[in-house]
Amino acid sequence: MKLLRQFQKLKTNKILGRYYGLILLALMAFFFFAVFKLLSPANFGSLDNLYFYLQSSIIYSVGACGFYFIVVMGLFDFSIGANVVLSSIVGVLLSKQFGYIGLLFGCVLCGTLIGFINGLLYIKLTIPSMIVTVGLMLIYESAAYYVACGVKQVLDPSMQAFGRAPGNILLAFAAFLATNAILKYTRTGTYCYAIGSNEYTAKIMGINVNRQKLVGFVLCHLFVGVMAVLSVSYGTSMTATTGMTSMARNFTPLMGTFFGVAFRKYGTAIPAIIIGEFIIAIIFNGFVALGAPTTVQNIVTGAALLAIVAITAQPQKGAVAK
């Protein structure tokens with residue numbers, strides 16, 4: 001407890017207080033790494049393992065950055081996974097004709113178009129975003145199946161530069177910089193936060209809330225399109241699925257977004273997403289190293305993430321909750 005109180009004092013330190021959120025995230029990452037390293041020293045935590053965790057986590061970090069634009073406005077989207085599948089398939093098919101240009105533009109433009117459709121239908125139908133995107137998820141899954149003709153689409157080995165370093169790191173880093181710039185230096189970022197804080201007040205201020213929500217959906221799925229490039233390049237192939245099975249792809253990016261939302265008060269939303277996804281990768285792979293059943297992994301991982309978000313999202317004493 002004494003150590004915890006000493007750590008809490010960092011918030012008021014003029015120098016270290018600015019980096020309190022990053023220090024807390026680094027300590028979380030070290031804690032989970034140390035726990036699994038002690039439990040499974042032979043199978044977990046080597047330099048090669050850490051490099052693998054990083055490679056996989058940055059894919060979800062890009063998707064989480066996109067998710068952040070709508071989550072901070074109180075919206076949700078169940079079609080993220082279906083978009084990844086459909087955009088990846090479109091990108092692979094176009095890459096066979098146009099190379100890397102086809103891969104990049106196919107994934108990103110398809111993803112952006114899906115975001116526009118989602119936002120437009122959400123506004124026009126005036127029903128909750130979760131309901132709209134569940135229906136659209138089923139449509140996108142079916143569309144992906146028909147576009148792929150029911151066949152697994154394999155990315156040519158000569159087109160897999162974004163599946164390994166430095167290509168994947170450079171593309172992801174560009175996405176992180178773009179997200180940070182939009183949130184900090186544009187009206188779009190300001191409006192997202194304003195709507196999330198109080199939509200009624202945002203309307204009184206003159207913000208076109210519906211238009212901003214549409215922009216949020218477009219930005220969300222633009223970055224999901226980038227995530228599709230990284231996903232299919234890393235996995236080298238994509239298979240269309242139906243029956244809501246693509247929904248499983250929603251939750252890992254969403255968990256990273258939770259880190260961003262929780263640590264937003266420290267001014268470290270995007271770094272929190274990146275480090276948070278790395279922490280999630282450590283937890284997932286730690287359980288794999290231990291040979292734990294999937295059900296146990298899901299229970300403990302979910303409980304740990306809920307605890308992290310609950311603790312970090314607690315308002316400071318004397319602060320007014322928004």
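### Points about the overall build of the protein
Regarding its fold elements, the protein presents 12 helices and two strands. Start at the N end of the protein and walk to the C end: the helices and strands fall as α-α-α-α-α-β-α-α-α-α-β-α-α-α. In the protein, buried positions account for 49% of the 322 residues. The long-range share in the protein, meaning contacts at least 24 apart out of those at least 6 apart in sequence, stands at 78%. Carbon and sulfur atoms make up 69% of the accessible area of the protein, which amounts to about 16,000 Å² in all.

### Examining the packing of helix α3 (residues 47–71) against helix α9 (residues 209–235)
It is at 6 Å that the axes of α3 and α9 come closest, and there the two elements cross at 165°. Taken together, the axes of α3 and α9 are roughly antiparallel relative to one another. Once α3 is placed against α9, the crossing between them reads as left-handed. Contact with α3, carried on its side by Phe52, Gln55, Ser56, Ile58, Ile59, Tyr60, Val62, Gly63, Gly66, Phe67, Phe69 and Ile70, involves Gly216, Phe217, Leu219, Cys220, Phe223, Val226, Met227, Leu230, Ser231 and Tyr234 of α9 and no other residues of that element.

### Describing the packing of aromatic side chains
Taken as a whole and assessed by the stated rule, the structure comprises 14 aromatic pairs. Ring centres of phenylalanine 36 and phenylalanine 44 lie 5.7 Å apart, and the angle between their planes is 55°; this geometry places the pair in the tilted category. Each member of the pair, phenylalanine 36 as well as phenylalanine 44, carries the same accessibility label: buried. Aromatic pair phenylalanine 69 and phenylalanine 223: ring centres 6.0 Å apart, planes at 15°, arrangement stacked. Taken together, the positions of phenylalanine 69 in helix α3 and phenylalanine 223 in helix α9 put the pair 154 residues apart, joining distant regions of the chain. By the burial criterion, phenylalanine 69 is buried, and phenylalanine 223 matches it. Ring pairs connect the aromatic residues Phe33, Phe36, Phe44, Phe52, Tyr53 and Phe287, which therefore count as one cluster.

### Brief notes about the state of the cysteines
Enumeration over the complete set of coordinates arrives at zero disulfides. Free cysteine cysteine 107: the closest other cysteine sulfur is in cysteine 110, separated by 7.9 Å.

### Some details on the confidence of the model for the protein
Do not read the predicted coordinates in detail wherever pLDDT is low. Counting all residues, the mean pLDDT for the protein is 86, and 88% of those residues have values of 70 or more. Here residues 315–322 is a poorly scored stretch, pLDDT under 50, and it has one contact once near neighbours within four places are set aside; other chains count.

### Remarks on helix α10 (residues 248–262)
Compared with an ideal rise of 1.5 Å per residue, which puts 15 residues at 21 Å, α10 spans 22 Å between its outermost C-alpha atoms and is within 8% of the ideal. Those residues of α10 that sit buried are Asn250, Thr252, Pro253, Leu254, Met255, Gly256, Thr257, Phe259, Gly260 and Ala262.

### Notes on unusual backbone geometry
The linkage connecting alanine 165 with the following residue, proline 166, adopts the cis geometry, with an omega of 0°. Its location among the elements puts proline 166 in the loop between β1 (153–154) and α6 (167–185). One non-glycine residue with positive phi stands out, namely cysteine 149, at about 60°. Tracing the sequence through the fold places cysteine 149 in the loop between α5 (129–147) and β1. Classification of cysteine 149 as exposed rests on a relative accessible area of 63%. Here threonine 236, not a glycine, exhibits a phi torsion of approximately 70°, which is positive. Within the fold, threonine 236 resides in the loop between α9 and β2 (237–238).

### Considering helix α11 (residues 269–290)
For α11, which comprises 22 residues, the first-to-last C-alpha distance of 31 Å matches the rise-based estimate of 32 Å (1.5 Å per residue) to within 8%. Note on α11: the residue one or two positions beyond its end, glycine 291, has a positive phi of about 75°.

### Side note on the pattern of salt bridges
Tallied over the full model, the rule gives two salt bridges. With a closest N to O distance of 3.9 Å, glutamate 199 and lysine 203 form a salt bridge. Taken as a pair, glutamate 199 and lysine 203 lie in helix α8 (residues 199–204) at a separation of four residues, close to a single helical turn. You can call glutamate 199 partly exposed: its relative accessible area is 28%. With a shortest N-O distance of 3.1 Å, glutamate 199 and lysine 213 are connected by a salt bridge. Note that glutamate 199 is positioned in helix α8 and lysine 213 in helix α9, a separation of 14 residues in sequence. Exposure remark for lysine 213: the relative accessible area of 6% places this residue in the buried category. Each member of the salt-bridge network shares a partner with another, and the members are Glu199, Lys203 and Lys213.

Basis of the calculations
Residues numbered from 1 in each chain as written. Predicted model: local features only at pLDDT ≥ 70, side-chain atom pairs only at ≥ 80, totals over all residues. Heavy atoms only, no water. Helix = DSSP H or I, 4+ residues; strand = E, 2+ residues; numbered from the N terminus. Buried < 20%, exposed > 50% of the residue type's maximum accessible area, 1.4 Å probe, protein only. Contact = heavy atoms within 4.5 Å. Areas by Shrake-Rupley, 256 points an atom, 1.4 Å probe, with all protein chains shown as cover. Axes fitted to C-alpha atoms, helices over the stretch in contact; angles between N-to-C directions. Parallel < 35°, antiparallel > 145°, perpendicular 65-115°, else oblique. Left-handed = near helix turned anticlockwise from the far one by under 90°. Phe/Tyr/Trp six-rings, centres within 6.5 Å; stacked < 30°, edge-to-face > 60°. Disulfide = S-S within 2.5 Å. pLDDT = per-residue confidence, 0-100. Expected span 1.5 Å × (residues − 1). Salt bridge = Lys/Arg side-chain N within 4 Å of Asp/Glu carboxyl O.

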